[in-house]
2 protein chains.
Amino acid sequence: MISKKAKYALKALKVLAEKYGKGPVLISEIAERERIPKKFLEAILLDLRNNGVLQSQKGKGGGYMLRIAPEEVSFSKVLRIIDGPIAPALCVSMFFYGRCDDCKDEETCSLRTVLTKWRDANLTVLDTTTLADILKAENAYVAPSDAA
Amino acid sequence: MISKKAKYALKALKVLAEKYGKGPVLISEIAERERIPKKFLEAILLDLRNNGVLQSQKGKGGGYMLRIAPEEVSFSKVLRIIDGPIAPALCVSMFFYGRCDDCKDEETCSLRTVLTKWRDANLTVLDTTTLADILKAENAYVAPSDAA
DNA sequence: CACTTAATCTATAAGTTTTATAGATTAGAT
DNA sequence: ATCTAATCTATAAAACTTATAGATTAAGTG
């Protein structure tokens, strides 16, 4: 399960992806539209900015905007910034590798083989899914007809 | 990331899978072999028993054993018992479905489309991976030679 | 029946992470 | 100067994780 924070982040990024190239968006506007506690959202957006995903402008006419194109913002990038490791365990993490303190011998850990497979399946989806895909999903939705 | 508890559970189950059909195994034996705090492990095994994965026997000659064959114990089954939902969000969970309190309209949530895809990729791996696969990985390991 | 073994149950708690809230401060625009 | 909106600092309730301790129950053994 991803954290609420990560879900908030993705929803906020969806809004910013929609307005990509159309100038800055206010925190308060995003917060209202997506029902995110404003102060909490502030911290999230700041985090995304400090990690190169967003760009901000203070003062009147200011706000937040994407620094890179929606197609460039993968889920894995966002999740790593907000939630940390994507891998099911540190011992198979590519960006947050760490030894498992309960593991006797990492080389021969049979669990690790399986965890690696799981990690790769995850990354296949998360590396290739971007904000652009959320937008596509948004537009693809057609209200079900009563015909059936 | 899975919890330590889940990792402990999988490691304990690996031991029990090895001894499948060979009588009960003591909690203390598993705890020592896998370096798991004994009291903590007790709770984990009990949980697995109450959910039909394990079977226990009190008193002398007692211990824990698998109730079903290693090939029948999938990762998804274990993880749902120990860590709960496997899905990245409750709104796309098959076993723990719940509405997201911050979501205006679930039907049109664009994030949900992507989360569903992610969930399915996860399940493809976790439903088909069982304790038997851990054992296979265990036996498949061959120490690297110095030749290279 | 008394004794030993080993799982089971109940209670407690330290530690960490998550999910926020409040208020002061800084940078930019007019 | 003044208004605006992001930024920084501090705080904290709530939930979850990771345990530990001790009493109890069930089963087998002599």
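In this text, all values refer to a predicted model and were calculated from it rather than measured experimentally. (Residues numbered from 1 in each chain as written. Chains lettered and ligands numbered in written order. Predicted model: local features only at pLDDT ≥ 70, side-chain atom pairs only at ≥ 80, totals over all residues. Heavy atoms only, no water.)

## Some remarks on the domain arrangement of chain A
All names here are of chain A. Domain assignment breaks chain A into domain 1 (4-66) and domain 2 (74-129). Counting from both sides, the interface comprises 10 residues of domain 1 and, opposite them, 7 residues of domain 2. Between domain 1 and domain 2, the buried area comes to about 690 Å², and carbon and sulfur atoms account for 88% of it. Connecting domain 1 to domain 2 are 0 salt bridges. Inspection of the region where domain 1 meets domain 2 yields 0 residue pairs in polar contact (both at pLDDT 80 or more). In terms of residues, the side of domain 1 that touches domain 2 owes the most to one element, helix α1 (residues 4-18), which gives 5 residues. The class makeup of the residues in the side of domain 1 that touches domain 2 is 7 nonpolar, 1 polar and 2 charged. (Domains from an automatic or database assignment. Contact = heavy atoms within 4.5 Å. Buried area = accessible area lost by both parts, 1.4 Å probe. Salt bridge = Lys/Arg side-chain N within 4 Å of Asp/Glu carboxyl O. Polar contact = N/O pair within 3.5 Å; in protein donor to acceptor, adjacent residues only side chain to side chain. Helix = DSSP H or I, 4+ residues; strand = E, 2+ residues; numbered from the N terminus. Nonpolar A, V, L, I, M, F, W, Y, C, P; charged D, E, K, R; others polar.)

## Structural notes on the relation of the copies chain B and chain A
Turning chain B through 180° and shifting it by 0.0 Å along the axis lays it on chain A, with an RMSD of 0.1 Å. Both copies of the chain, as the preceding transformation shows, are related through a two-fold rotation axis. When you check the interface residues of chain B against chain A, 100% turn up at the interface there too, and the contact is symmetric in its surfaces. (Least-squares fit on C-alpha atoms with pLDDT ≥ 70 in both.)

## Points about a nonpolar patch on the surface
A contiguous nonpolar surface patch, about 520 Å² in accessible area, is contributed by M1 of chain A together with L90, M94, F95 and F96 of chain B. M94 of chain B gets classed as exposed once you look at its relative accessible area, which sits at 55%. (Patch = residues over 30% accessible without salt bridge, like charges linked within 9 Å, V, L, I, M, F, W, Y side chains within 5 Å. Areas by Shrake-Rupley, 256 points an atom, 1.4 Å probe, with all protein chains shown as cover. Buried < 20%, exposed > 50% of the residue type's maximum accessible area, 1.4 Å probe, protein only.)

## Let's talk about the side chain of K14 of chain B
Residue placement: K14 of chain B occurs in helix α1 (residues 4-18). Taking relative accessible area as the criterion, K14 of chain B reaches 11% and is therefore assigned buried. Among the polar contacts made by the side chain of K14 of chain B, one reaches the side chain of E34 of chain B at a distance of 3.4 Å. K14 of chain B has contacts with S110 of chain A together with E34, I134, L135 and E138 of chain B, leaving out every residue within four places of it along the chain.

## A short note on the protein's contact with DNA strand C
If you check the shell around DNA strand C, you find 24 residues, and the closest are K39 of chain A together with E42, R49, S56 and Y64 of chain B. Across the atoms of DNA strand C situated within 4 Å of the protein, the share located in sugar and phosphate is 71%. Here a phosphate oxygen of DNA strand C and a side-chain polar atom of Y8 of chain A are 2.9 Å apart. Contact distances for DNA strand C include 2.2 Å between a base oxygen and a side-chain N or O atom of K39 of chain A. Secondary structure elements with two or more residues in the surface near DNA strand C: α1 and α3 (38-50) of chain A together with α3 (38-50), β1 (54-57) and β2 (63-66) of chain B. The element best represented in the surface near DNA strand C is α3 of chain B, accounting for 4 residues. When grouped by side-chain class, the residues that make up the surface near DNA strand C number 7 nonpolar, 7 polar and 10 charged. (Near = heavy atom within 4 Å.)

## A look at the protein's contact with DNA strand D
In the region of DNA strand D, 24 residues are neighbours, and E42, R49, S56 and Y64 of chain A together with K39 of chain B sit closest. Backbone sugar and phosphate groups make up 72% of those atoms of DNA strand D lying within 4 Å of the protein. A distance of 3.3 Å separates a phosphate oxygen of DNA strand D from a polar backbone atom of K4 of chain B. Counting residues per element, the ones that place at least two in the surface near DNA strand D are α3, β1 (54-57) and β2 (63-66) of chain A together with α1 and α3 of chain B. Sorting elements by how many residues they give to the surface near DNA strand D places α3 of chain A first, with 4 residues.

## Notes on the packing of aromatic side chains
Residue and element names in this part refer to chain B. Across all of its chains, the model carries 2 aromatic pairs over all chains by this definition. An angle of 85° between the planes, with centres 5.8 Å apart, marks the rings of Y8 and F40 as edge-to-face. Remark: F40 occurs in helix α3 and Y8 occurs in helix α1; sequence separation between them is 32 residues. (Phe/Tyr/Trp six-rings, centres within 6.5 Å; stacked < 30°, edge-to-face > 60°.)

## Here we look at helix α5 (residues 110-128) of chain B
The end-to-end C-alpha distance of α5 of chain B is 28 Å, a good match for the 27 Å that 19 residues give at a rise of 1.5 Å each. Along α5 of chain B, the residues classified as buried are S110, L111, V114, L115, W118, R119, A121, N122, L123, V125 and L126 of chain B. Taken together, the buried residues of α5 of chain B touch α1, α4 (75-82), α5 (110-128) and α6 (131-140) of chain A together with α4 (75-83) of chain B. (Expected span 1.5 Å × (residues − 1).)

## Quick notes on unusual backbone geometry
Even without glycine at this site, R35 of chain A takes up a positive phi of about 55°. Here R35 of chain A shows up in the loop between α2 (27-34) and α3.

## Section: the interface of chain B and chain A
Facing the 41 residues of chain B at the interface are 42 residues of chain A. Between chain B and chain A lies a buried interface of about 3,900 Å² when both sides are counted; carbon and sulfur atoms form 65% of it. Contact with chain A buries surface across chain B, with M1, D102 and W118 of chain B losing the most and accounting together for 18% of the total. The interface formed by chain B and chain A contains 0 salt bridges.

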